[in-house]
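Coordinate analysis (summary)
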Amino acid sequence: MAPERRDGVELTNLDQALAPEAGATKRDLVDYLDAVADRILPGLAGRPLTVLRVLRGRAPFMQKNVPKYTPEWVRTVSIWAESSHREVRYALCDDRRTLLWLANQRAVEYHPTLGLAAERGSPSEHVPDIYRPTHLILDLDPPEGADFATVVAVAHLVRQALSDCGLAGAVKTSGAKGLHVFVPIDDHTPVDDVAGATRALAARAEALDPDIATTAYIVSDRGGKVFVDSTRAGGATVAAAYSPRLRPGTPVSFPVPWSDLDRVSPADFTVHTAVDALGAGDPWAESMPLPQRLPDDLIAHGRTIPVARVAAMHEGKRRARARRAGDPAAPGDDP
């Protein structure tokens, strides 16, 4: 049988399973992404992309650097990676053809940066910057075994914290167990202050009901509560709206109206069901507010809150010293 072609992309081995528990074939993945291309692409275009690929006979892996055989027509951008001391050549998934090519490479998950890649020849003023997020993001991560209703309750705390300072956001399932809240922001706030404002919003949501929400970065300190993760800032990535996730049943990250959160489950939206649930609309675009300026008092509050990873590192070292000193009550330091 001759390979199938779409938009000039040769599609191969479409009837093979993605993974043992995926409940989906490569064709299911390709068909789904093709059907939502006009809705997923606005969240991917111009953003350096990390994908989760699942190849036959190999463990799933996150890929940043595009392979050498990447077609010339796939737009890429090279960014210096300080951690590995090398340039990483990221794909920019700007069009349907690139999306189909990535799907044929068995790229299941799509994790763009929060900021946009700079265009060659851009003027110095307002040049896109991957470290300048276009959205403030809070990631709500439930503890193992938690009911989804608990995550929804914490999402409503986040919404209240936003409303209390004159902001609004949109919410989507993460495609795993949690929820993502996106708040579009303008480009007036320095990058570090955006990160600070994210920490402040997380702290304010926690303060509204500390019995169910926590900002504790160290897992053992969370006490079975939903983690309001404020670390999606700077050069971070996040699963795009409509991105499939490599989980049993191949769920997708799906936008949900705030009023419907109490009536849905992440498992409701998969590569098999999401297209019908969308109909002809684009709920992510439709629910997203216009970019907003972050309030000065929120930024000031954020400046008083230590960066979570840094605070956790220092706390881990303190606990390690306590254990070495023979303190039996010293807790673990798992981040």
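Residues numbered from 1 in each chain as written. Predicted model: local features only at pLDDT ≥ 70, side-chain atom pairs only at ≥ 80, totals over all residues. Heavy atoms only, no water.

Under the annotation held in an unreviewed UniProt entry, the protein chain carries the name ATP-dependent DNA ligase and is attributed to [Mycobacterium] manitobense.

A separate point is the nonpolar core. With 85 residues, the main nonpolar core has Leu-99, Tyr-110, Leu-140, Leu-179 and Leu-201 as its most contacted residues. Not counting residues up to four positions away in its chain, the partners in contact with Leu-201 are Leu-136, Leu-138, Ala-161, Leu-162, Cys-165, Leu-167 and Leu-298. (Core = buried A, V, L, I, M, F, W, Y, C linked by side-chain atoms within 4.5 Å. Buried < 20%, exposed > 50% of the residue type's maximum accessible area, 1.4 Å probe, protein only. Contact = heavy atoms within 4.5 Å.)

Our next topic: helix α4 (residues 148-164). With 17 residues, α4 should cover 24 Å at 1.5 Å per step; its first-to-last C-alpha distance of 25 Å lies within 8% of that length. Listed in full, the buried residues belonging to α4 are Phe-148, Val-151, Val-152, Val-154, Ala-155, Leu-157, Val-158, Ala-161 and Leu-162. Residues of α4 that are buried make contact with β8 (135-141), β10 (179-184), α5 (191-208), β11 (213-214) and β12 (226-229). Here α4 starts with a cap whose side-chain oxygen sits 2.7 Å from the backbone nitrogen of Ala-149, and that cap is Asp-147. Positive backbone phi, at 80°, marks Gly-166, one or two positions downstream of α4. (Helix = DSSP H or I, 4+ residues; strand = E, 2+ residues; numbered from the N terminus. Expected span 1.5 Å × (residues − 1). Polar contact = N/O pair within 3.5 Å; in protein donor to acceptor, adjacent residues only side chain to side chain.)

On the basis of which strands lie adjacent, the open sheet formed by five strands has the order β9-β10-β8-β12-β11 and mixed pairing. What marks the edges here is a single partner per strand, and that holds for β9 (170-173) and β11. Relative to β12, β8 runs antiparallel, the two being bridged by three bridges. Bridging from a neighbouring strand, Asp-139 pairs with Asp-229 of β12. The strands touched by α4 within the sheet are β8, β10, β11 and β12, with β10 carrying the most contacts at an inclination of about 15°. (Pairing = 2+ DSSP bridges. Axes fitted to C-alpha atoms, helices over the stretch in contact; angles between N-to-C directions.)

We now examine empty space enclosed by the protein. Inspection of the entire model under this criterion finds one cavity of 30 Å³ or more. Estimated volume of the largest cavity: approximately 60 Å³. Leu-49, Val-51, Gln-63, Lys-64, Asn-65, Val-66, Pro-67, Thr-70, Ala-91, Trp-101 and Leu-102 together form the lining of the largest cavity. Those elements that provide at least two residues to the lining of the largest cavity are β3 (48-53) and α3 (96-104). Among the residues forming the lining of the largest cavity, the class breakdown is seven nonpolar, three polar and one charged. (1 Å grid on protein atoms, 1.4 Å probe; cavity = no way out; pocket = protein on both sides within 12 Å on 5 of 7 lines; lining within 4 Å. Points joined across faces, edges and corners; volume = space filled by probe spheres on them. Nonpolar A, V, L, I, M, F, W, Y, C, P; charged D, E, K, R; others polar.)

Mapped onto the elements of the fold, Ala-118 is located in the loop between β7 (107-112) and β8. With relative accessibility at 42%, the residue Ala-118 sits in the partly exposed group.

Considering all chains together, one arrives at five aromatic pairs under this definition. Considering the side-chain rings of Phe-182 and Trp-284, the 5.1 Å spacing of their centres and the 80° angle between planes classify their relative orientation as edge-to-face. A residue pair is termed long-range when its members are at least 10 positions apart, and Phe-182 in strand β10 and Trp-284 in helix α7 (residues 283-287) qualify at 102 residues. Note on accessibility: Phe-182 and Trp-284 belong to one class, buried. Both rings, one in Tyr-242 and one in Phe-254, keep their centres 6.3 Å apart while their planes meet at 90°; by these two values the pair is edge-to-face. Of this pair, Tyr-242 sits in the loop between β12 and α6 (274-278) while Phe-254 sits in the loop between β12 and α6, placing them twelve residues apart in sequence. According to the relative accessible area criterion, Tyr-242 is buried, its value standing at 0%. One aromatic cluster in this structure is built from Tyr-242, Phe-254 and Phe-269. The cationic tip of Arg-58 hangs over the ring face of Phe-61; the distance from NZ or CZ to the ring centre is 4.5 Å. (Phe/Tyr/Trp six-rings, centres within 6.5 Å; stacked < 30°, edge-to-face > 60°. Lys NZ or Arg CZ within 6 Å of the ring centre and 35° of its normal.)

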